[in-house]
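The lines below spell out each chain.
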Amino acid sequence: MNAVFEFLFHLDTFLTNFISQYGLLIYLLTFLILFAETGLFAPLPGDSLIFACAAFAAAGLLNIWVLAVICFTAAFFGDMLNYYIGHSVGKRLYNRAKGRFFSRENIDKAQIFYDKHGGKAIILSRFVPIIRQFTPFVAGIGRMHYRRFMTFNIVGVISWVTIASVLGYFFGNIPVVKKNFSTVILVIILVSLLPVIISFFKAKILRKSQPKKEA
């Protein structure tokens, strides 16, 4: 997990060095990170990566259209893999989920989010770290119809990639943003985590307000 934070706080430096050394392989790296983030439940900063890469595209180091297609493809197929894992072996994996990230608690959070928003959760969860890694899995366990899931998945991924790319492309190279790039990335993460934080405190307040059962 420390490696993830290190990657986040020095994302611009890492990408600069990677592009200068490996050139077009940055597209492959972006694909693998985004695919692993959802498809393989990896705790990786997908939206921050798209934002940063789009900023590099605005600077002429990457092609924004190629980047957008790669990001869409990776996120779409990552979600599909996640759905099929949930559909085929989801309940067994849930019973064995004891990791720090792949845990019952995180899956339960996604389940609550899914129960609250229904099919729209596939779209909305794209913008919420942690939740987006597990919502397709939950949809698979719940046997959401394949075509329905795929429709929501397409809409969610297009919206997510478009918004993150546009923000990075048009704002990533503003001097104040470039100077405080790590801070901006952190703000993006915190803002996207707000729904999870708010839901957590709401649930905590609700539990406290409920009268305790007498023994």
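Residues numbered from 1 in each chain as written. Predicted model: local features only at pLDDT ≥ 70, side-chain atom pairs only at ≥ 80, totals over all residues. Heavy atoms only, no water.

Participant: Even after reading the chapter, I still don't get helix H9 (residues 146-171), so can you show me in this structure?
Facilitator: Since there are 3.6 residues in each turn of an α-helix, residues three or four apart along the chain are aligned in direction. End to end, H9 covers 37 Å across 26 residues, agreeing with the expected 38 Å (1.5 Å per residue, within 8%). Of the positions making up H9, those classed as buried are Phe149, Phe152, Asn153, Gly156, Val157, Trp160, Val161, Ala164, Ser165 and Gly168. (Helix = DSSP H or I, 4+ residues; strand = E, 2+ residues; numbered from the N terminus. Expected span 1.5 Å × (residues − 1). Buried < 20%, exposed > 50% of the residue type's maximum accessible area, 1.4 Å probe, protein only.)

Participant: In this structure, what is going on with the nonpolar core? I would like to understand it.
Facilitator: For soluble globular proteins, nonpolar side chains are generally found buried alongside one another. Counting residues in hydrophobic clusters, the biggest one holds 33 residues, and the most contacted among them are Leu15, Ile26, Ile50, Leu62, Leu67 and Phe181. Breaking this core down by element, the ones donating at least two residues are helix H2 (11-22), helix H3 (25-39), helix H4 (46-58), helix H5 (64-96), H9 and helix H11 (181-209). It is H4 that provides the largest number of residues to this core, a total of nine residues. The contacts of phenylalanine 181, once residues within four sequence positions are left out, are Asp12, Phe51, Ala52, Ala55 and Gly172. Formed by 23 residues, the second largest nonpolar core is a distinct cluster that contains Ile107, Ala139, Phe149 and Phe152. (Core = buried A, V, L, I, M, F, W, Y, C linked by side-chain atoms within 4.5 Å. Contact = heavy atoms within 4.5 Å.)

Participant: Please clarify how unusual backbone geometry should be interpreted in this entry.
Facilitator: Backbone geometry follows two general trends: most residues other than glycine have a negative phi, and most peptide bonds adopt the trans configuration. Its identity as a non-glycine residue notwithstanding, phenylalanine 41 has a phi of 60°, on the positive side. Among the secondary structure elements, phenylalanine 41 is positioned in the loop between H3 and H4. Using a relative accessible area of 11% as the deciding quantity, one classes phenylalanine 41 as buried.

Participant: What is the right way to read the packing of H3 against H4 from this model?
Facilitator: Helix packing geometry: the angle between the two helix axes and the distance between the axes. In contact at an axis separation of 10 Å, H3 and H4 are set at 160° when each is read in the N-to-C sense. Taken together, the axes of H3 and H4 lie roughly antiparallel to each other. As for how H3 packs across H4, the hand of that crossing is left-handed. Across the interface between the two elements, Thr30, Ile33, Leu34 and Glu37 of H3 pack against Gly46, Leu49, Ile50 and Cys53 of H4. Here the contact of H3 with H4 is composed, by residue class, of five nonpolar, two polar and one charged. (Axes fitted to C-alpha atoms, helices over the stretch in contact; angles between N-to-C directions. Parallel < 35°, antiparallel > 145°, perpendicular 65-115°, else oblique. Left-handed = near helix turned anticlockwise from the far one by under 90°. Nonpolar A, V, L, I, M, F, W, Y, C, P; charged D, E, K, R; others polar.)

Participant: Sorry, what's going on with the confidence of the model for the protein here?
Facilitator: Any segment with low pLDDT has predicted coordinates that should not be analysed in fine detail. Averaged over every residue, the pLDDT of the protein is 81; the share at 70 or more is 84%. Mean pLDDT values over the elements of the protein span from 60, in helix H1 (residues 2-9), up to 93, in H3. (pLDDT = per-residue confidence, 0-100.)

Participant: Whenever I open this one, the packing of aromatic side chains confuses me. Can you help?
Facilitator: Across all of its chains, the model carries eleven aromatic pairs by this definition. Seen in terms of ring centroids, phenylalanine 41 and phenylalanine 134 are 5.5 Å apart; in terms of plane orientation they differ by 25°. Their pairing is stacked. Of this pair, phenylalanine 41 sits in the loop between H3 and H4 while phenylalanine 134 sits in helix H8 (residues 131-141), and the two are 93 residues apart along the sequence. Judged by relative accessible area, which is 0%, phenylalanine 134 ranks as buried. Where tyrosine 83 meets phenylalanine 149, the ring centres are 4.5 Å apart and the plane angle is 20°; that geometry is what we call stacked. Of this pair, tyrosine 83 sits in helix H5 while phenylalanine 149 sits in helix H9, placing them 66 residues apart in sequence. With relative accessibility at 0%, the residue phenylalanine 149 sits in the buried group. (Phe/Tyr/Trp six-rings, centres within 6.5 Å; stacked < 30°, edge-to-face > 60°.)

Participant: Even after reading the chapter, I still don't get the pattern of salt bridges, so can you show me in this structure?
Facilitator: A side chain of one charge can pair with a side chain of the opposite charge when the charged atoms of the two come close. A complete count under the given rule lists three salt bridges for this structure. Across the salt bridge formed by arginine 132 and glutamate 37, the nearest N and O atoms sit 2.8 Å from each other. In this pair, arginine 132 sits in helix H8 while glutamate 37 sits in helix H3, placing the two residues 95 residues apart along the sequence. For the pair arginine 132 and glutamate 37, a shared accessibility class is recorded, and that class is buried. Across the pair arginine 126 and aspartate 79 runs a salt bridge whose closest N-O atoms are separated by 3.0 Å. Of this pair, arginine 126 sits in the loop between helix H7 (121-124) and H8 while aspartate 79 is found in helix H5, placing the two residues 47 residues apart along the sequence. Accessibility classification places arginine 126 together with aspartate 79 in one group, the buried group. By sharing partners, the salt bridges in this structure join Glu37, Asp47 and Arg132 into a single network. (Salt bridge = Lys/Arg side-chain N within 4 Å of Asp/Glu carboxyl O.)

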